[in-house]
Amino acid sequence: MAHAQDVQGRVAFADCLSSTTTLWLPAYAAGVAVLVGLGTWSFDRLRVRNEGRRGQA
């Protein structure tokens, strides 16, 4: 009986984890997209700033 409860607990945990991950996957994807966009924007701003300094020298 203890073994059956242990197996059932693992199955319930795996089911809960998979459904939670599936529900939150779009939010994770949106977060990654925002971070990549901010990184790209920051890199581009730094590049433009450095090109401007080279032009002044």
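This section reports on the structure supplied with the text. (Residues numbered from 1 in each chain as written. Predicted model: local features only at pLDDT ≥ 70, side-chain atom pairs only at ≥ 80, totals over all residues. Heavy atoms only, no water.)

Overview of the overall build of the chain
What counts, and what does not: Working definition: helices are DSSP H or I runs of at least four residues, strands are E runs of at least two. Numbering for both runs from the N terminus. The quantity called the radius of gyration is restricted to C-alpha atoms. Its globule counterpart is 2.2 Å times the number of residues to the power 0.38. Under the scheme applied here, a residue whose accessible area is under 20% of the maximum for its type counts as buried, over 50% as exposed, and between as partly exposed, the area being computed with a 1.4 Å probe on protein chains only. The accessible surface values rely on the Shrake-Rupley method and a 1.4 Å probe; as for residues, cover is taken only from the protein chains in view. A residue counts as positive if it is Lys or Arg and as negative if it is Asp or Glu; His and the chain ends are not included. Taken as the charge centre is NZ of Lys, CZ of Arg, CG of Asp or CD of Glu, depending on the residue.
When its secondary structure is counted, the chain shows one helix and zero strands. Computed over the C-alpha atoms, the radius of gyration of the chain is 24 Å, more than 25% above the 10 Å expected from 2.2 N^0.38 for a compact globule of 57 residues. In terms of overall dimensions, the chain has C-alpha extents of about 80 × 20 × 5 Å along its principal axes. Expressed as a percentage of its 57 residues, the buried residues of the chain come to 0%. For the chain, the accessible surface area stands at approximately 5200 Å², while carbon and sulfur atoms represent 67% of it. Of the side chains in the chain, 6 bear a positive and 4 a negative charge, and the two mean positions are spaced by 19 Å.

A closer look at the pattern of salt bridges
Short version of the rule: Criterion for a salt bridge: a side-chain nitrogen of Lys or Arg within 4 Å of a carboxyl oxygen of Asp or Glu.
All told, the structure shown has two salt bridges when counted by the stated rule. For the salt bridge of R47 with D44, the shortest nitrogen-to-oxygen distance reads 2.5 Å. Residue R47 and its partner D44 are located together in helix α1 (residues 2-56), separated by three residues, close to a single helical turn. E51 serves as the salt-bridge partner of R47, at 3.1 Å between the closest nitrogen and oxygen. Here E51 and R47 lie together in helix α1, a separation of four residues that amounts to about one turn. Residue classification places E51 among the partly exposed residues on the basis of a relative accessible area of 42%.

Some points on a nonpolar patch on the surface
Put simply, the rule is: Only residues whose relative accessible area exceeds 30% and that form no salt bridge enter a patch; like-charged residues are grouped when within 9 Å of one another, and nonpolar side chains (Val, Leu, Ile, Met, Phe, Trp, Tyr) when within 5 Å.
On the surface, L23, W24, L25 and Y28 cluster together to form a nonpolar patch covering roughly 510 Å² of accessible area. You can call L23 exposed: its relative accessible area is 68%.

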